[in-house]
Amino acid sequence: MTNDTTYRWPHKDLLDVTQLSAEDTLHLLDVAASFQEINSRPVKKVPTLKGKTIVLFFVENSTRTKTSFDVAGKRLSADTFALAKTGSSLNKGESLKDTGLTLQAMAPDIIVIRHPSSGAARFLAELLPCSIVNGGDGWHAHPTQALLDCYSLRQAWNGIFAGRTLLILGDIAHSRVARSNMHLLHMLGVHLRLCAPRTLLPAGVEHWPVEVYSNLEAAVRDVDAVMCLRLQLERQQAGLLPDLAEYSRRYCLSRQHLALAKPEVKVLHPGPMNRGLEISNDIADAPACLVLDQVSAGVATRMAVLYLLTTRNDGDLV
């Protein structure tokens, strides 16, 4: 935990990393580090949130985010309940507003929502008194993914962000992960590069605090870390990538590319990975790849998020 005994978590909800200060972020990562120790115990459970209720409302498919929030809640002894679109009245035409009000009537402490529409989490946060956590909304934001990526990098970089260089590679236009990481890592002092075909760069990227490349060999040179992104073909319009084989030839991260980076380079991927398309097998299975570290960090980071939101009004300082 942080040594700052005067610090109080100021946020009712976690909707976007843009709401966080550097102090908020580093405090949350400190709390996550304390929970990571719990995850290494033979009995991985503490009574910290006993009696609290967390609803996992996932309108979009998810393996890592949904499962890690579920595990995080259970390890803190909270009661967790999962609701998917296929099992909800959204399939019968019910509005998001009415579904949210229905869930609130059951008195949850936190609702974690993943939704295909940007702004869905903010809509519920403004409507409901319980805490809302954005588990990913459209192309907009994925704050807990960015936080767990920062946790993984802080471990790999011995706590030093300033002066590091990270390359984000792949389908940036459709990636809420790229947007959230860009904001958070820039705030922490990381120099950022983007590399993608022109058709997979977002509008307005020239105003982002990044360097933009189209050539992977140039982009990867002397970086401290590379974050590969999944090609989100389900979100793309036809014609953006007419030839996947050509994309793989130019933008699939390989051992030859990493040889141009710094010797201790690390590789991240939010998953799921498309091996051979975004990342080669030899890199995905290499010691430099932090993908499984990210999954482990996801549980600890989401434990920290749930803890800070549910205890923000308690008498004890956190």
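Our structure's up above, just so we're on the same page.
Thresholds applied
- Residues numbered from 1 in each chain as written.
- Predicted model: local features only at pLDDT ≥ 70, side-chain atom pairs only at ≥ 80, totals over all residues.
- Heavy atoms only, no water.
- Helix = DSSP H or I, 4+ residues; strand = E, 2+ residues; numbered from the N terminus.
- Rg over C-alpha atoms; globule rule 2.2 N^0.38 Å.
- Contact = heavy atoms within 4.5 Å.
- Phe/Tyr/Trp six-rings, centres within 6.5 Å; stacked < 30°, edge-to-face > 60°.
- Buried < 20%, exposed > 50% of the residue type's maximum accessible area, 1.4 Å probe, protein only.
- 1 Å grid on protein atoms, 1.4 Å probe; cavity = no way out; pocket = protein on both sides within 12 Å on 5 of 7 lines; lining within 4 Å.
- Points joined across faces, edges and corners; volume = space filled by probe spheres on them.
- Nonpolar A, V, L, I, M, F, W, Y, C, P; charged D, E, K, R; others polar.
- Pairing = 2+ DSSP bridges.
- Axes fitted to C-alpha atoms, helices over the stretch in contact; angles between N-to-C directions.
- Arc of directions from axis to C-beta.

Draft legend 1. How the structure looks around the overall build of the protein. Looking only at helices and strands, one finds 11 helices and 9 strands in the protein. Its C-alpha atoms give the protein a radius of gyration of 19 Å, near enough to 20 Å, the size a compact globule of 318 residues would have. Projected onto its principal axes, the C-alpha coordinates of the protein cover approximately 55 × 50 × 40 Å. Counting only contacts in the protein whose residues sit at least 6 apart along the sequence, the fraction spanning at least 24 positions is 76%.

Draft legend 2. Structural context of the packing of aromatic side chains. On inspection of all chains with the given rule, the structure shows 3 aromatic pairs. A centroid spacing of 5.6 Å and a plane angle of 75° characterise the contact between Phe35 and Tyr307, whose relative ring orientation is edge-to-face. Of this pair, Phe35 sits in helix 1 (residues 22-38) while Tyr307 is found in helix 11 (residues 291-310), placing the two residues 272 residues apart along the sequence. By the burial criterion, Phe35 is buried, and Tyr307 matches it.

Draft legend 3. Region of the structure containing the layout of surface pockets. In this structure, the largest pocket encloses a volume near 490 Å³. Residue lining of the largest pocket: 20 residues in total, with Arg114, Arg176, Arg230, Gly271 and Pro272 positioned closest to the centre. Elements with a minimum of two residues in the lining of the largest pocket: helix 2 (64-75) and helix 6 (176-187). Residue classes in the lining of the largest pocket are distributed as 4 nonpolar, 9 polar and 7 charged.

Draft legend 4. Representation of the sheet that holds strand 3 (residues 110-115). One open sheet accounts for 4 strands, arranged 2-1-3-4; its pairing is parallel. Among the strands making up the open sheet, the edge pair consists of strand 2 (79-84) and strand 4 (131-137). Ignoring which end each strand starts from, the neighbouring axes of this sheet average 15° apart. As paired strands, strand 1 (residues 53-58) and strand 3 are joined by 5 bridges and run parallel to one another. Its bridge partner being in strand 3, Ile54 is matched across the sheet by Ile110. Along the sheet, helix 2 contacts strand 1, strand 2, strand 3 and strand 4; its crossing angle with strand 1, the most-contacted strand, is approximately 175°.

Draft legend 5. A look at helix 4 (residues 120-127). Those residues of helix 4 lying buried are Ala120, Ala121, Leu124 and Ala125. The arc that holds the buried residues of helix 4, viewed along the axis, is 135°, so those residues lie on one side. Where helix 4 is buried, its residues contact helix 3 (96-104), strand 3 and strand 4.

Draft legend 6. Fine view of the environment of Cys252. Its location among the elements puts Cys252 in the loop between helix 8 (244-251) and helix 9 (255-258). Classification of Cys252 as buried rests on a relative accessible area of 10%. With 34 residues separating them in the primary sequence, Cys252 and Ala218 have C-alpha atoms 14 Å apart. Residues contacting Cys252, with those up to four places away along its chain left out, are Leu216, Tyr247, His257, Gly276, Leu277, Glu278, Ile279 and Ser280.

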